[in-house]
Amino acid sequence: FQAAVVQLTSSSDAEANWRTSEALIREAAAAGATFISTPENTPYLGPHEEKTRRAEPLDGPTCERFAALARELGIHLLLGSFAERSDDPRRCYNTSVLFGPDGSRLASYRKIHLFDVDVSPEVRFTESETVTSGAEPVTASTELGVVGLTVCYDLRFPGLYQELRRRGAEMITVPSAFTARTGRDHWHTLVRARAIETQCYVMAAAQHGRHDDGGIRESYGHSLIVDPWGEIVAEVGEGTGSARAGIDLERVEDVRRAIPVADHARW
């Protein structure tokens, strides 16, 4: 089947974000993609305190919109992440949601690893001020295969990806808003490494460009689909757009048979 990763420059204008993401999803589906992923923070990427105030439940209007679009197009659609309401009024969850072709919610994953970093004056951020961490790895068994769900900063923690592999993942999603500074040095290496280590397809839809969140966020872009050998089979580059690639789960079986790392692992 064909998969697509959608690349956006989301802002604080939720309606504009929806119009752009809807158009790109429709375009990818019309070109034959039956599994489509959007980036982290697709519906909103503006001031972070406002994000918490806008947080919704899983059955709120944002998820309903994406579910209806998946149903209309008959596709598997990953809402890369949105602000899910939590019990803490000061913080929300950063939640990725997978919808099936009938519009049903197949899985939801709350980002476990939060981006609390002090890399430079340009990359200084404390996600935990407005987001509360999830606790459980998540996989979803679909008619296309087993999908493992992660979000952005999770990419730096290979133990989570090994756990998804142990739970049967054949494909792993990494919707992201990687910073331009860290993305230049680490993005391609990390995405390829997670694919090589787990011998899974990795679909990493990304935000790109500068967002109106107070000037602190510029995202790297370069949305990727990487095969289980670690080869980049699709890439958006810069700007808004999408990229497609064929997903062949026999390729996963072949790579795992050739180099059976799961059988050889000692810890």
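Residues numbered from 1 in each chain as written. Predicted model: local features only at pLDDT ≥ 70, side-chain atom pairs only at ≥ 80, totals over all residues. Heavy atoms only, no water.

Some details on the sheet that holds strand S16 (residues 241-246)
So, point 1. Sheet architecture is open: six strands sit in the order S5-S4-S3-S2-S1-S16, paired in mixed fashion. Edge positions in the open sheet fall to strand S5 (105-110) and S16, since each of these has one partner strand only. Sheet twist, expressed as the average angle between the axes of neighbouring strands with direction ignored, equals 20 degrees.
So, point 2. Pairing between strand S2 (residues 33-37) and strand S3 (residues 76-84): three bridges, direction parallel. Note on S3: the bridge partner recorded for Ile-36 is Leu-77.
So, point 3. Contacts from helix H3 (residues 61-73) reach S3 and strand S4 (93-99), with the element oriented near 175 degrees to S3. (Pairing = 2+ DSSP bridges. Helix = DSSP H or I, 4+ residues; strand = E, 2+ residues; numbered from the N terminus. Axes fitted to C-alpha atoms, helices over the stretch in contact; angles between N-to-C directions. Contact = heavy atoms within 4.5 Å.)

Quick word on the pattern of salt bridges
So, point 1. Inspection of the entire model under this criterion finds 17 salt bridges.
So, point 2. A salt bridge links Glu-22 to Arg-26; the nearest nitrogen and oxygen atoms lie 3.2 Å apart. Residue Glu-22 and its partner Arg-26 are both found in helix H1 (residues 14-30); the two are separated by four residues, about one turn of the helix.
So, point 3. We note a salt bridge from Glu-72 to Arg-26, for which the minimum N-O separation is 2.8 Å. Of this pair, Glu-72 sits in helix H3 while Arg-26 is found in helix H1, placing the two residues 46 residues apart along the sequence. (Salt bridge = Lys/Arg side-chain N within 4 Å of Asp/Glu carboxyl O.)

Details of unusual backbone geometry
So, point 1. For Cys-152, which is not glycine, the phi dihedral falls at a positive 45 degrees.
So, point 2. The topology assignment puts Cys-152 in the loop between strand S9 (145-149) and helix H4 (158-166).
So, point 3. Given the relative accessible area of 7%, Cys-152 is considered buried.
So, point 4. A positive phi angle, near 55 degrees, is found at Gln-199, a position not held by glycine.
So, point 5. Counting through the fold element by element, Gln-199 comes out in the loop between helix H5 (180-198) and strand S11 (201-204). (Buried < 20%, exposed > 50% of the residue type's maximum accessible area, 1.4 Å probe, protein only.)

Any functional reading would require information that these geometric values do not contain.
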